[in-house]
Amino acid sequence: MRNRDLIVALLHRLTRFWNRLRRSPVQKAFESQPTFSSVKTFESQPTFSNVHDLAECRRIEASLIDSRNRFQSLFEHMGEGVALHDLVFDDADRPINYVIQAVNPSYEAMTGFKTKAVVGKTADVAYGVAEPPYLEEYAQVALTGRAIRFESHLPPLNRHFSISAAPWGERGFATLFTDITALKRHHEQLEWLAHYDGLTRLPNRALLADRMRQVLAQTDRNQKLLAIGYLDLDGFKSVNDALGHEAGDNLLIEVANRLRDSVRGSDTVARLGGDEFVLLLAELDGIEDCERTLARLLAIIAEPYSLAEREAVIAASIGVTLYPLDHSEPDELLRHADQAMYLAKQGGGYRYHLFDPERDRRTRAQREALTRIALALKQDEFRLYYQPKVDMRQGIVIGAEALIRWQHPERGVVPPGEFLPLVEDEPELAVAIGDWVLTAALRQMDQWAQQGLRLPVSVNIAARHLQHPEFVNRVTALLEAMPDLESGQLELEILETAALEDMAVASRVIRECRQMGIDFALDDFGTGYSSLTYFKRLPVNVLKIDQSFVRDMLDDAEDFAIVSGVIGLAEAFQRVAIAEGVETVEHGLLLLQLGCDLAQGYGIARPMPAAAMPAWVRDFQPDPLWEPVRNLRWSRDDLFLLTMTVEHRRWIKQLAASLALVVMDSGALPTMDTRDCRFGRWLHGHEGQRYSEIAAFQMMSAIHQNIHELGKTLIDQHRTGQVEQARAHLLEMQELSGQLQDSLQALLMIIAKPQ
Ligand code: C2E
Ligand code: MG
Ligand code: MG
């Protein structure tokens, strides 16, 4: 048992004896003993009268004397200070004070109150205070018999005590004082160490967390900005290595002092460890305010230090995030500041970098999306759709292009444009998806072949995939696994040729694949950077004319020129041209006339699930519009007529656009001069006059004249406010335009040569 507990137990025992004695014949013997300090022995006490059982009495007496002696000895020699008190009551029997009945030497030594000065006095007098200390608590102890323990700091002594109070006597109490000052100090020291950095005496991570919580709440209230800065010294390690650890420590102390002295009292500078510090700069008025402070801090740190009798210079990098612009949790704010600090370092150090929450949000969203895409691959959520490719001249299906789709459990069918671009910078995932596509397409071809449908399939291959060292081996293995597939059934469409880093490698891969019977197409031809270089240097056999040119070729002369140019290029280099994005049968017709027989696009069929393909192939019929031109061809000179169709369409489109406006823009109007429009110039020039003997040409010339006349009328009507009439007449114009195009087609049919 510890000393204090022992005393309390003894006090209890003594009190029990006291009470028994009060009821016994020896009572009187004690009534004359006011304090323990004055009790010496029982021998001097008067003898007892009316004692019936003297032996019992002696036994009690001996036991009591023994107890008292033990207590006496303990009382006087114990290290704890003890004081015994009796409560003092007013007339209404309310405790109003207490009298100090006895104190032990330790009490005197601990508290400095002399025994003589306090014993026999009431507490207020003894201690020279207005209110007896802890009267209420002590009265509770004395009256209820329940001991208490508490700690108290006595300011005049500047010492801490643990005080136990236990009931004593009838209406008294004993207090036991233990000096816990050393313990307290030790505790405080531990507490300090738990919150401060021993070297720099700056708050450490734990206290920083505390301060951060406070200052965040404060910032929420005051609507200002709080900068959370992460500061790291540039090249601290080399100073440490060159000048030694002690100098390194001194440098850290000096940096800490400079930082502490340079910020406001309400700001916090903390050290996380090593050469990493955190700054909390509160109540900033704006970003400029923050930047000014940061620039100042950087300059202050960069001033020379004298270390190990040498002058040293060191700089710092600071990463900063601003709350509440960055409305994150404390830990995350620190992480953001840390990230920004790394960017400051990457930027060369001796600078600050502000964290950009918006950019971070985007990066995170992208990372999440990538994780989801990788999961989609794992969970087999990708599908291949197939878009038929046809030969319009022969009226047959020549194959299909495999196009990836994501069968998303919540979003439904997601097109590749929404997820493949995200994968571009993730080589592993991109190649894994590419492999999946290749495998799935080959399996599908195999399956179709077993159903009796031999359908060549083209697969889109990202440039990065093509350049993968394992690409050829992988394709070889896949083909070998499907011996039923005939060679020449697989075609690969190379995307983003600009991403081909090494033309020699790409050429070799293509050549090796072509030896296995695989065809190669340059996809989206004409859009990429230096398409022609790739076309010339890569051993591909097919050019896919990009859909953006094809789509607009009907009324955009430039796009038409590009499409017809690519067709000519393919012809000249003996390659095959295929047009994608053939949205209408008219597109098909124009392409056929230009000599491009192969096409793919919504005007023929949209991409469809694999299961729908066999029926579609079986039921395919070429469009009747293509029929008349199937067996015809034109010389390059005659094809110029097609350009004129496009020119004319553009003229009509331009006029319609102008009339649709409330106020016409004269600058945007097509020319009304019959000899000045491009069609007119051709018509009246020697190119057109070659056909002047042909009736269809003469008719065309007359219609052209009418169109211009009507055009002038429409413009006049619009100018004079008859906007509605002008717009109504536009239908008439469309009709004339149709006639003009029909006569152009008629002329084309007349001058065509058989295939
Ligand atoms: P792409 O290889 O040029 O494929 C043609 C795209 O045009 C397809 O879009 C197709 O649905 C669409 N298209 C076809 N005809 C028409 C038409 O008449 N009008 C219009 N407006 N569009 C038409 P999709 O399937 O969304 O694919 C877009 C691109 O994504 C593809 O362009 C290709 O670059 C890429 N892609 C698709 N599947 C794969 C794949 O399995 N692997 C890789 N690496 N890329 C793929
Ligand atoms: Mg393609
Ligand atoms: Mg394409």
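If you're wondering where the values come from, they're calculated on a predicted model, not measured in any experiment.

**With respect to the coordination of the magnesium ion (ligand 3)**
Inference 1: Every protein donor of the magnesium ion (ligand 3) is accounted for by Asp523 (OD), Asp524 (OD), Glu580 (OE) and Glu580 (OE), and the metal-donor separations fall at 1.9 to 2.6 Å.
Inference 2: Of note, the magnesium ion (ligand 3) draws all its donor residues from one chain, in the sequence arrangement D-D-x55-E.
Inference 3: Using a relative accessible area of 10% as the deciding quantity, one classes Asp523 as buried.

**Section: the layout of surface pockets**
Inference 1: Put simply, the largest pocket is a space of about 1000 Å³.
Inference 2: Surrounding the largest pocket, 38 residues form its lining, Leu403, Pro416, Leu420, Asn460 and Leu495 being those nearest its centre.
Inference 3: Among the elements that line the lining of the largest pocket, the one with the most residues is strand β14 (residues 396-408), at five residues.

**Observations concerning the packing of helix α9 (residues 205-222) against helix α13 (residues 330-346)**
Inference 1: The interhelical angle for the contact between α9 and α13, taken along N-to-C directions, is 105°, at an axis separation of 10 Å. Looking at the two axes, α9 sits roughly perpendicular to α13. For the pair α9 and α13, the contacting residues are Leu208, Met212 and Leu216 in the first and Pro330, Leu333 and Leu334 in the second.

**A few points about helix α19 (residues 503-515)**
Inference 1: With 13 residues, α19 extends 18 Å from end C-alpha to end C-alpha; this agrees with the ideal 18 Å at 1.5 Å per step.
Inference 2: In this structure, the buried side of α19 is in contact with α17 (463-466), α18 (471-480), β17 (490-494), β18 (519-525) and α20 (531-537).
Inference 3: The opening residue of α19, the one whose side-chain oxygen lies 3.0 Å from the backbone nitrogen of Ala504, is Asp502.
Inference 4: Among the residues trailing α19, Gly517 stands out with phi positive, at a value near 90°.

**What about the coordination of the magnesium ion (ligand 2)?**
Inference 1: Distances from the magnesium ion (ligand 2) to its protein donors, Glu401 (OE), Asn460 (OD1), Glu493 (OE) and Asp523 (OD), fall within 2.0 to 2.1 Å.
Inference 2: Each donor residue of the magnesium ion (ligand 2) belongs to the same chain, and together they define the spacing E-x58-N-x32-E-x29-D.
Inference 3: The distance between the magnesium ion (ligand 2) and the magnesium ion (ligand 3) is 4.1 Å, with Asp523 acting as a donor to both metals. Linking Asn460 in strand β16 (residues 457-461) with Glu493 in strand β17, this pair joins segments that are 33 residues apart in sequence.
Inference 4: You can call Asn460 partly exposed: its relative accessible area is 21%.
Inference 5: Glu493 sits in the buried class, given a relative accessible area of 0%.

**Remarks on the sheet that holds strand β12 (residues 352-354)**
Inference 1: Overall, mixed pairing links the five strands, which are arranged β7-β8-β6-β11-β12 in an open sheet. The strands lining the two open edges of the sheet, one partner per strand, are β7 (268-273) and β12. Within this sheet the neighbouring strands show an average axis-to-axis angle of 20°, counted without direction.
Inference 2: Note that strand β6 (residues 225-234) and strand β8 (residues 276-284) share seven bridges and pair antiparallel.

**Regarding the packing of helix α14 (residues 357-378) against helix α16 (residues 427-450)**
A packed helix pair is summarised by two numbers, namely the angle formed by the two axes and the spacing between the axes.
Inference 1: Put simply, α14 and α16 touch, their axes get as near as 11 Å, and they point 30° apart. As judged from the angle between their axes, α14 and α16 are roughly parallel. Read as a crossing pair, α14 and α16 show a hand that is left-handed. Seen from α14, the contacting residues are Leu370, Ile373, Ala374 and Leu377; seen from α16, they are Leu429, Ala432, Ile433 and Trp436.

Rules used throughout
- All residue numbers here refer to positions counted from 1 along the written sequence of the relevant chain.
- Working convention: letters from A go to chains and numbers from 1 go to ligands, in the order in which they are written.
- This being a predicted model, a pLDDT of at least 70 is required before a residue's local features are given, and a value of 80 or more before pairs of side-chain atoms are given or counted; all residues contribute to the totals for chains, interfaces and linings.
- The side-chain values count all of the structure's non-hydrogen atoms but skip hydrogen atoms and water molecules.
- Sites may look incomplete, because water is not among the atoms used; the donor set itself consists of N, O and S atoms within 2.8 Å of the metal (3.2 Å for Na, K and Ca).
- Exposure is judged per residue with a 1.4 Å probe applied to protein chains only, and the accessible area is read against the type maximum: over 50% gives exposed, under 20% gives buried, and values in between give partly exposed.
- A 1.4 Å probe that fits into a set of points on a 1 Å grid over the protein atoms alone but cannot get out defines a cavity; an open set with protein on both sides within 12 Å along at least five of seven lines defines a pocket, and lining residues are those with an atom within 4 Å of a point.
- Grid points are joined across faces, edges and corners, and a volume is the space filled by probe spheres set on the points.
- Helix and strand assignments follow DSSP, with helices taken as H or I runs no shorter than four residues and strands as E runs no shorter than two, numbered in order from the N terminus.
- Axis geometry follows a simple rule: fit a line to the C-alpha atoms, using only the stretch in contact for helices, then measure angles between N-to-C directions, giving values from 0 to 180 degrees.
- Just so you know how the angles are binned, under 35 degrees is roughly parallel, over 145 roughly antiparallel, 65 to 115 roughly perpendicular, and the rest oblique.
- By the convention used here, residues are in contact when the closest approach between their heavy atoms is within 4.5 Å.
- Expected helix span is computed as 1.5 Å times (number of residues minus one).
- Polar contact is the term for a pair of N or O atoms within 3.5 Å; when the atoms are in protein, one must be able to donate a hydrogen and the other to accept it, and sequence-neighboring residues count only if both atoms are side-chain atoms.
- When DSSP finds at least two bridges between two strands, those strands are taken to pair.
- Crossing handedness follows the turn of the near helix against the far one: under a right angle anticlockwise gives a left-handed crossing, and clockwise gives a right-handed one.

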